[in-house]
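Summary of structural features
If you want the building blocks of each chain, they are given just below.
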Amino acid sequence: MLTNKAKHRRPSKVTRILSLAGVAGVAVAAPLVATGSASAATASEWDAVAQCESGGNWSINTGNGFYGGLQFTPSTWAAFGGTAYASSADQATKEQQIAVAEKVLAGQGKGAWPNCGTGLSNAAYNGGGAEAEKPAEKPAEQAAPERPEPRADRSEQRTAPAEETVETPTGETVAKGDGEYKVVKGDTLSQIAKAENVEGGWKKLFELNKDVVDNADLIFPGQQLHLS
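These figures come from a predicted structure and were not determined experimentally. (Residues numbered from 1 in each chain as written. Predicted model: local features only at pLDDT ≥ 70, side-chain atom pairs only at ≥ 80, totals over all residues. Heavy atoms only, no water.)

1. Quick notes on the state of the cysteines
Taken as a whole and assessed by the stated rule, the structure comprises 1 disulfide. Two residues share a disulfide in this structure: C52 and C116, whose sulfurs sit 2.0 Å from each other. Here the S-S torsion is close to -60°, and the disulfide linking C52 with C116 is therefore left-handed. Placement of C52 in helix α2 (residues 43-54) and of C116 in the loop between α4 (94-108) and α5 (154-159) is noted, with a sequence separation of 64 residues between them. (Disulfide = S-S within 2.5 Å. Helix = DSSP H or I, 4+ residues; strand = E, 2+ residues; numbered from the N terminus.)

2. Looking at helix α7 (residues 201-208)
The set of residues buried in α7 consists of L205, F206 and L208. In a view along the axis of α7, the buried residues occupy a sector of 160°, so they form one face of it. (Buried < 20%, exposed > 50% of the residue type's maximum accessible area, 1.4 Å probe, protein only. Arc of directions from axis to C-beta.)

3. Some words on a negative patch on the surface
A cluster of acidic residues, D178, E180, E196 and D211, forms a negative patch at the surface. Inspection of the secondary structure assignment puts D178 in the loop between β2 (173-175) and β3 (181-182). Its relative accessible area of 41% is what places D178 among the partly exposed residues. (Patch = residues over 30% accessible without salt bridge, like charges linked within 9 Å, V, L, I, M, F, W, Y side chains within 5 Å. Areas by Shrake-Rupley, 256 points an atom, 1.4 Å probe, with all protein chains shown as cover. Salt bridge = Lys/Arg side-chain N within 4 Å of Asp/Glu carboxyl O. Lys, Arg positive; Asp, Glu negative; His and termini not counted. Charge placed at Lys NZ, Arg CZ, Asp CG, Glu CD.)

4. Some details on the environment of V184
Within the element layout of this structure, V184 appears in the loop between β3 and α6 (189-195). As a C-alpha pair, V184 and Q224 span 40 residues in sequence and 9.6 Å in three-dimensional space.

Take a look at the structure:
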C-alpha cells in the first residue's frame, strides 16, 4: 500500500500501472499507532477516498496488489493492525478498513493517499505516530542485593568475657573458651601444637588463647582452644 509515504491510491488504471511499476512490493516499516476515540476523518470523507481509489468498492480485489476500498497493500494492512480483522483489506468490513485507515492517517498524514486523500481531515496527524511522542521508559531499577551482616572478628569473640568455665583439680574455675579444640587430660600446649600442626608451635597457640590460658604450663581438661 505504501512506502515511507503510503501510496495505495488508484485514481486511474494508467496511474495504477505506473505506480505498480515503481512502488509495488516495497515493504513498509510503519509503527502501529493508536488513535483516539474520535475519528481522524469523517465517514463521508473516507467514502470520497474510496470512490477515488476503487470506485467505492470496499471488497475489491483485482489482483494488482492493492485491496479493499482504500487500496491497502498487504504489508500496510498488517503493519497497522488490519490482520486483527481479516487477512487482507478486501475481506474486512468498511468500518474495519476505516479503522485501520485512521491509524495510517494518524501516523503518516493524508499524504498516504497522495491523489485521493486531499480532502481528509488531518487533525490527528502528529508527524510520526502517537508512539513517537512517548518518552523512553526508564528501566526498572533493580533492588540492591542484600549485604550479609558483618561477622564478628574471631579475636573480638575471644576477648569477650567467657560465659562458661571449667573446674580445675584444685576446685578453682577457669575460662572454658570457645575454640575448636577441646583439651583432654594429659594435654600440653606443645603436644597440641604438634598434633594439630599449628604454625608457630606452642608459642603461637598460647598467643591465640591468652584470653583463656593465663600460664602456658597450665591448661585444663574441658578448655576449648583456638588453633588459628
